[in-house]
Amino acid sequence: MKPWIGLFCLAALGLVGTVGSAAAAQPPIVIKFSHVVAADTPKGKASEFFKKRAEALTGGKVKVEVYANSTLYKDKEELEAVQLGVVQMLAPSLAKFGPLGVKEFEVFDLPYIFADYTELHRITQGPVGASILKKLESKGIVGLAYWDNGFKSFSANTPIHTPADLKGKKLRIQSSKVLEEEVRALGGLPQVMAFSEVYPALQTGVVDGTENPHSNMYTQRMHEVQKYLTLTEHGYLGYAVIANKKFWDGLPSDVRGQLEQAMKESTAFANQIAKDENDRSLEAIRKSGKTQVYTPTKEEKLAFRKALLPVHRKMEERVGRELLQSIYRETGLHSARP
């Protein structure tokens, strides 16, 4: 081989090595994952689990930065942030999408629409839930999964044994027309308020009570400023894990597939830990001695159902009659009757 040919080959090999090193040195794709609850809540722990699995499955091609407890954005700001691409991922509560213009999500706010997790997961892990997530795409958002938090119960500074006990009470809710109607059906006064503002509002008496899964109540220390908690378990609180559509669609296909696998694993983790954490939080609330926990009798629970199920009919047009009927078919609730 002539000397100049050998030099050319060595130079070419050197160029390949340089390109390979440059490719290996590419900075990771950064995903900012923002949420509004504490890091030790089910959502907080699930987002950290997603971070670990995403970084592991992509071999470091992706770096996930989790921002908990409204450190980046509050309730009203975060959806706009993900639409603008300022953050790449969120896990907002399902009630947040009604004000965005996707009213179908408010079907999850309907009281007593799911009897248990089995019925719930027929929707969130089936075609009905997928069809609802699909509606986000016109807003520049892609829906990735549903994560559970748990079933909500009412708290206040006076005992709650019947629907009449909430009459005239100022109850904090998320921004949802369905939740507004729910509180009015009980004779209460709905107060829309950001999650981060609830504790001081309860502490100062700006609001009288609220509705929350046990883990939210405990991790936000609401049990310190609420004397009574009644296990009505009247509604569901869950999250939709979402991403900026332009960002998600622009990912390399192999990376996107790895992130989808990480999300699948994280969803299973999130749903299991949500149930476990809510059970532990309820026990911790009991042990604190600061809040009296009351389990309603069968008759008392039936009274709450009778008072709240008519909300289904009133909100049917808003959430979509066909959607509501499809959920009834899946869950066996054939009509909005107790």
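Check the entry above for the structure.
Source: prediction; values computed, not measured.

Asks: Would you take a moment to explain the packing of aromatic side chains for this structure?
Replies: Ring pairs (aromatic) are described by centroid distance and by the angle formed between their planes. This model, assessed by the stated rule, comprises nine aromatic pairs. Aromatic side chains tyrosine 117 and phenylalanine 151 sit 5.1 Å apart centroid to centroid with 70 degrees between the ring planes, which places their arrangement in the edge-to-face category. Taken together, the positions of tyrosine 117 in helix H4 (residues 117–124) and phenylalanine 151 in strand S4 (residues 141–156) put the pair 34 residues apart, joining distant regions of the chain. Taken as a pair, tyrosine 117 and phenylalanine 151 share a single burial class, namely buried. Grouped by ring-pair contacts, the aromatic residues Phe108, Phe114, Tyr117, Tyr146, Phe151 and Tyr236 constitute a single cluster. Over the aromatic face of tyrosine 199 sits the side chain of arginine 221, whose NZ or CZ is 4.5 Å from the ring centroid.

Asks: Looking at this model, I keep getting lost on the nonpolar core. Mind explaining?
Replies: Within soluble globular proteins, side chains that are nonpolar generally end up buried alongside one another. Residues Phe33, Phe50, Val64, Met89, Trp147 and Leu259 are the most contacted members of the largest nonpolar core, which totals 42 residues. Ranked by residue count, the leading element in this core is helix H10 (residues 253–288), at seven residues. Residue contacts for phenylalanine 50: discarding those within four places in its chain leaves Phe33, Val64, Met89, Leu259, Ala262, Met263 and Ser266. Ranked by size, the runner-up nonpolar core spans 38 residues in total, among them Val82, Tyr146, Tyr236 and Leu324.

Asks: Explain the pairing of strand S6 (residues 189–192) to me, please; I cannot follow it from the model alone.
Replies: Pairing between strand S5 (residues 170–173) and S6: four bridges, direction parallel. Paired with lysine 170 across the two strands is leucine 189, which belongs to S6. Once you follow S5 into helix H6 (residues 177–185) and on to S6, the crossover reads as right-handed.

Asks: Is there a simple way to explain helix H3 (residues 75–84) in this structure?
Replies: All of the buried residues along H3 are Asp75, Glu78, Leu79, Ala81 and Val82. All buried residues of H3 fall inside an arc of 160 degrees around its axis, so they share one side. In this structure, H3 carries Lys76 and Leu84 as exposed residues pointing more than 90 degrees from its buried face. Where H3 is buried, its residues contact strand S1 (29–34), strand S3 (89–90), S4, S5 and strand S8 (228–244). A positive backbone phi angle near 85 degrees is found at glycine 85, which sits one or two residues after H3.

Asks: Looking at this model, I keep getting lost on the side chain of glutamine 88. Mind explaining?
Replies: For glutamine 88, the location among the structural elements is in the loop between H3 and S3. At 2.8 Å, the side chain of glutamine 88 forms a polar contact with the backbone nitrogen of lysine 32.

Parameters and conventions
Residues numbered from 1 in each chain as written. Predicted model: local features only at pLDDT ≥ 70, side-chain atom pairs only at ≥ 80, totals over all residues. Heavy atoms only, no water. Phe/Tyr/Trp six-rings, centres within 6.5 Å; stacked < 30°, edge-to-face > 60°. Helix = DSSP H or I, 4+ residues; strand = E, 2+ residues; numbered from the N terminus. Buried < 20%, exposed > 50% of the residue type's maximum accessible area, 1.4 Å probe, protein only. Lys NZ or Arg CZ within 6 Å of the ring centre and 35° of its normal. Core = buried A, V, L, I, M, F, W, Y, C linked by side-chain atoms within 4.5 Å. Contact = heavy atoms within 4.5 Å. Pairing = 2+ DSSP bridges. Right-handed = clockwise from strand over helix to strand, strands pointing away. Arc of directions from axis to C-beta. Polar contact = N/O pair within 3.5 Å; in protein donor to acceptor, adjacent residues only side chain to side chain.

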